[in-house]
Amino acid sequence: RGQYRVVVIGSGNWGSVAAKLIASNTIKQPIFYDEVWMWVYEETLHTGEKLSEVINQTNENVKYLPGIKLGNNVIADPDLENAVKEANMLVFVTPHQFVAGICKRLVGKIRPGTEAISLIKGMEVKMEGPFMISKLITDMLGINCCVLMGANIANEIAVEKFSEATVGYRQDKEVAQRWARLFSTPYFLVSIVQDVEGVELCGTLKNVVAIAAGLVDGLDMGNNTKAAIMRIGLREMRAFSKLLFSSVRDSTFFESCGVADLITTCLGGRNRKVSEAFARSGGKRSFDELEAELLQGQKLQNNAIPEPLEQQAIDLAATNCHPPLWYSDRKFIIESRKIRWDWVCPRQKKFM
Ligand code: NAD
Ligand code: 13P
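What you see is a predicted model, and the numbers here were worked out from it, not measured in a lab.

With respect to the helices and strands, Asn88 occurs in the loop between α3 (80-84) and β4 (89-92). The buried category is assigned to Asn88, whose relative accessible area is 10%. Dropping the residues within four chain positions of it, Asn88 is found in contact with Gln3, Tyr4, Arg5, Arg111, Gly113, Thr114 and Glu115.

For the rest of this paragraph, the subject is the pattern of salt bridges. Within this structure, the stated rule accounts for 17 salt bridges. Linking Arg272 and Glu276 is a salt bridge whose minimum nitrogen-to-oxygen distance equals 2.8 Å. Taken together, the residues span about one helical turn, with Arg272 and Glu276 both in helix α11 (residues 270-280) at a distance of four residues. In terms of burial, Arg272 and Glu276 fall into one category: buried. A single salt-bridge network, built from bridges that share partners, covers Asp217, Asp220, Lys226, Arg272, Glu276 and Arg280.

Our next topic: the nonpolar core. In a soluble, globular protein the nonpolar side chains are often hidden away together inside. Counting 46 residues, the largest nonpolar core has Trp14, Val91, Leu148, Phe183 and Phe188 as the members making the most contacts within it. The dominant element in this core, judged by the number of residues it contributes, is helix α1 (residues 13-26), at seven residues. One finds Met123, Val209, Ile229 and Met230 within the second-largest nonpolar core, a separate group that totals 26 residues.

Taken together, 24 residues sit near ligand 1, with Asn13, Glu43, Ala154, Arg270 and Gln301 positioned nearest. A distance of 2.8 Å is found between an oxygen atom of ligand 1 and a side-chain nitrogen or oxygen belonging to Glu43. One of the side-chain nitrogen or oxygen atoms of Gln298 is found 3.4 Å away from an oxygen atom of ligand 1. Across the complex, the protein chains shield 90% of the 830 Å² of accessible surface that ligand 1 would expose by itself. Counting residues per element, the shell around ligand 1 draws most heavily on α1, at three residues. Split by residue class, the shell around ligand 1 holds eleven nonpolar, nine polar and four charged.

About the thresholds
- Residues numbered from 1 in each chain as written.
- Chains lettered and ligands numbered in written order.
- Predicted model: local features only at pLDDT ≥ 70, side-chain atom pairs only at ≥ 80, totals over all residues.
- Heavy atoms only, no water.
- Helix = DSSP H or I, 4+ residues; strand = E, 2+ residues; numbered from the N terminus.
- Buried < 20%, exposed > 50% of the residue type's maximum accessible area, 1.4 Å probe, protein only.
- Contact = heavy atoms within 4.5 Å.
- Salt bridge = Lys/Arg side-chain N within 4 Å of Asp/Glu carboxyl O.
- Core = buried A, V, L, I, M, F, W, Y, C linked by side-chain atoms within 4.5 Å.
- Near = heavy atom within 4 Å.
- Polar contact = N/O pair within 3.5 Å; in protein donor to acceptor, adjacent residues only side chain to side chain.
- Areas by Shrake-Rupley, 256 points an atom, 1.4 Å probe, with all protein chains shown as cover.
- Nonpolar A, V, L, I, M, F, W, Y, C, P; charged D, E, K, R; others polar.

Now the structure itself:
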């Protein structure tokens, strides 16, 4: 019993829900060890208490998922090395900007034969170009890494409303099936596809389209325009994905990780919310300020691009993407904190 031991690396909104989902399965399925470790980036709450201690006392993540019991078999641990020490299934679910630092601390600390999965929607953009988070984990830790993406607003899954998700794998179908088994519940339906880059790029690029959807909402441009943003956005996600990896499959865009995640994020995601507020402020309030005010510790899903690469990215997209509706002469948005208003809506230059 308990051949596979799971650690969830991350304890934000989705990290906590993932731990809950997993814990509800490990307790029932003998191949998994009952207890699920959850690494907590330690914070001191306004009460003066440590977040990890409060999680263990109350079985709730009072900061990122208040009101939801995680399951008595979830153990919060602020010590990263200790949390992973016995595990052979690593679930990465932190904001993408922290992954490299976390992996650096884990080098040499992972058990042989360990498998990883990334639930992280984002990518690193290095000087050499875009870099997928699953590849970063594989390269830094020398372990195989699948991905799980989908139309998965965490707060809805927390209260067991139905949703679907997609596991992307590279070669080993059996490993992907094990991940699906770890996550699947009657209200969380997981399918697997052999297209790790396609699945991960869907989860990453929809966050860019969601910024445009939020701006459309903030400008009261209506549902038809927003639908057009989603349709053209999906087409551009596909074009951009294939530009990076020719192996990406068209069919992946029809899985939950594709069109479904795009829709839910453009309706209810945090990038949409903050961009709407940005537009309603007439472009006067910064994304940093709005993030702190509206997301209460959660992070915007932004993909930072190094300054020297900006023009190159614009030119690249201009030659490869379809004529866009949501930005005219400039053809690319990848950086949400310094978003160029004229890329998004040329007729609203008064806000610049
Ligand atoms: P979150 O935005 O709710 O929380 C931020 C987390 O980052 C907190 O746990 C915080 O403690 C941690 N943190 C802050 N500073 C840190 C540091 N220096 N090092 C490490 N951790 C630090 O997080 P989330 O919603 O769980 O998002 C994690 C990933 O999951 C993201 O890539 C997101 O795109 C993806 N995702 C989120 C949802 C959702 O609905 N929330 C759904 C699907 C996927
Ligand atoms: P946000 O992270 O944008 O809130 O949306 C969650 C998500 O990825 C939905 O699938």
